[in-house]
Amino acid sequence: MLKQYFPILQWLLNYKKSNFSGDISAGITVGIMLIPQGMAYAMIAGLPPVFGLYAALIPQIVYVIMGTSRQLAVGPVAMDSLLVASGLGALAVSGIKEYIAMAVFLSLLMGAIQLLFGFFRMGFLVNFLSKPVISGFTSAAAVIIGLSQLKHLLGVTIEQSNQVHVLLLNVFKAIDKTNFYTLTLGICAIILIKSVKKIHPNIPAPLVVVILGTISAYLFKINELGVKIVEEIPKGLPSIEIPMVDYSRVSELIPIAITLALIAFMEAISVAKAIEEKHSDYVIDSNQELIALGTANIIGSFFQSYPTTGGFSRTAVNDQAGAKTGISSLVSALIVGVTLLFLTPLFYYLPNTVLAAIIMVAVFGLIDFKYPIQLIKNRKDEFIILIITFIITLVIGITEGILLGILISLLVLLYRTSIPHMAVLGHIKNTPHFKNITRFPDIVQIQDNILMLRFDAQLYFGNKDFFKRELYKQIKYKGDKLDTIILDAGPISFIDSSAVFVLQKIIQDLKDKNIKFLLAGAIGPTRDIIFNSSLSNCIEVKHLFVSVHNAYQSCISSFEKTVIQEKIVSQSKTFE
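Just so you know, these numbers come straight off a predicted model, no measurement behind them.

Quick look at the state of the cysteines now. Two cysteines whose sulfur atoms are joined by a covalent bond form what is called a disulfide. Per the counting criterion, the structure on display carries zero disulfides. Looking at Cys538, it has no disulfide partner, and the nearest cysteine sulfur is the one in Cys555, 18 Å off. By relative accessible area, Cys538 is classed as buried at 7%. On the accessibility criterion, Cys555 (23% relative accessible area) is partly exposed.

Next up on the list: the side chain of Glu289. With respect to the element layout, Glu289 can be found in helix α14 (residues 286-301). Here Glu289 occupies a buried position and makes no salt bridge, while the nearest side chain of opposite charge, Lys273, is found at 9.3 Å. Setting aside its immediate chain neighbours within four residues, Glu289 contacts Tyr63, Gly67, Thr68, Ser69, Leu72, Phe265, Ile269 and Ile284.

Grouped together as the largest cluster of nonpolar side chains are 126 residues, with contacts concentrated most on Leu47, Leu88, Leu253 and Tyr306. Tallying contributions element by element places helix α13 (residues 250-276) first for this core, with 15 residues. Discounting residues that sit within four places of it in the chain, Leu47 has contacts with Ala42, Tyr99, Ile100, Ala103 and Tyr306. Counting 35 residues, the second-largest nonpolar core is a separate cluster that includes Leu487, Ile492, Leu503 and Ala522.

Time to look at a nonpolar patch on the surface. On the surface, Leu237, Leu334, Val338, Leu341, Phe342, Leu343 and Leu346 cluster together into a nonpolar patch covering about 650 Å² of accessible area. Following the sequence through the fold, Leu341 ends up in helix α16 (residues 327-343). Note on Leu341: relative accessible area 33%, which makes it partly exposed.

What follows deals with the environment of Lys468. Note that Lys468 resides in helix α21 (residues 464-478). Beyond its immediate sequence surroundings of up to four residues, Lys468 is in contact with Val502 and Ile506.

Once that is clear, we can look at the packing of aromatic side chains. All told, the structure shown has seven aromatic pairs when counted by the stated rule. Aromatic side chains Tyr5 and Phe119 sit 6.2 Å apart centroid to centroid with 55° between the ring planes, which places their arrangement in the tilted category. Residue Tyr5 is located in helix α1 (residues 2-5), and its partner Phe119 is located in helix α7 (residues 96-119); the two are separated by 114 residues in the primary sequence. Here Phe455 and Phe467 contribute two aromatic rings whose centre-to-centre distance is 5.2 Å and whose plane-to-plane angle is 85°, an arrangement assigned as edge-to-face. Separated by twelve residues along the polypeptide, Phe455 in strand β6 (residues 450-455) and Phe467 in helix α21 bring together distant segments of the chain. Across this residue pair, the class does not change: Phe455 and Phe467 are buried.

Conventions used here
- Residues numbered from 1 in each chain as written.
- Predicted model: local features only at pLDDT ≥ 70, side-chain atom pairs only at ≥ 80, totals over all residues.
- Heavy atoms only, no water.
- Disulfide = S-S within 2.5 Å.
- Buried < 20%, exposed > 50% of the residue type's maximum accessible area, 1.4 Å probe, protein only.
- Helix = DSSP H or I, 4+ residues; strand = E, 2+ residues; numbered from the N terminus.
- Lys, Arg positive; Asp, Glu negative; His and termini not counted.
- Salt bridge = Lys/Arg side-chain N within 4 Å of Asp/Glu carboxyl O.
- Contact = heavy atoms within 4.5 Å.
- Core = buried A, V, L, I, M, F, W, Y, C linked by side-chain atoms within 4.5 Å.
- Patch = residues over 30% accessible without salt bridge, like charges linked within 9 Å, V, L, I, M, F, W, Y side chains within 5 Å.
- Areas by Shrake-Rupley, 256 points an atom, 1.4 Å probe, with all protein chains shown as cover.
- Phe/Tyr/Trp six-rings, centres within 6.5 Å; stacked < 30°, edge-to-face > 60°.

Right under this line is the structure:
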């Protein structure tokens, strides 16, 4: 039980010395990345830079103890930071102190939701975030994150918004006040980051520009030319405080917390699963991941952390740098802790425009162009979902974009299941195969008195009328010679009570017309429903067959079921 909730016990007790060097080097690399990234992401969230370092400290230590991934790097990320900014920005906040308190309390609330989902084994919820929704949402969020940094890149005051048209209008209004020293430094930082990555991808480009930007600001006193700098960052580890907000504000934070909980989990589980495929020594447990991330956010909130999750780029770097266990994350946390204790004065002259450059390069890399092009060529319906999610996220808001994207995906799914594929089958001569007559018109044989159908979906209240309509359309097409209907029930994994009622009426109607109704290939769960519902009163066991071929043989020649076939078709688990 302890190993289930504390997976660190599974690998720490059997830790191999050969993993140590890889863990140490990876931990140092990610720790160095975390310092500029953490401060930059805190700026996205609308928080002082030091809160990015707080968020990079305790949550990743907790995750090492409770998480099932050994490479996932937990801490502040761009997406969640933007969700915090957009969510809290839409609320009436009296000042920076209340804003910080609400951001920290949001971590507690979000963690509690994730923890609850984990205990109730609701990790499957992430399955409702389809790839078109994720792609559209991520690309739109990246655009908004990038544009939100224009105020730092231009060195002007711009009223922020999570609606792209409003944000662009605000930028246009303020662009004449651009500080060209700030803009020049920011553009140089962007070019330098891109150049360093091309020279060698393992060089920590963000740290390079942070060092050069800070030195330049210190030597040339560019803050006296209007270039805004970070200035004093509080020295020391975060204090332990109970997260508190006014009780009346909790209801305002719940929708933001739910959105954050799902998005953060989606980010973490997707990158954790991708990395898991490269390693055979552990398995990701989605429900334990919810518990681990939830606990990390809850405990982190007591140490001034705002919402965190597993980061895409840092996790990839962690794995590439040789991380084998969570020791690498402990090393990263140690580097952040040392920075907070001793090194924060070194960042006094760090220009805000340099942090903005780091953010813009990182997030614009999240914009996916290849996937939409693939969809528009092959899956136009899913491309429409992607575009709608993208536009809603850009124009209406971050939270609305992801929630409406999920809703549209579910509606499309319901529409597809309401009109599933239904095939009329024909027999391929001298074989046991039965195929769609529209796909194989030249090789199938069709009997005038036999109608064979295959229904490729569950049969439930949403498609029962479609099934009935299509069945009677084919009966009418066959004409008066029809005396037998064979339904290939292999693809039907479930029949709900509404569909049972409709099937009963159909079978009774066919009996009145002297048409036999044979059911072939029903799997166990479907047989259970047949024998434990009113269908057993109208479908005789002699009309149940193991396969379509057996049912067809019974119609065109003398055929008797074997003992084993009789046993299979009559097998059922009785519901008590």
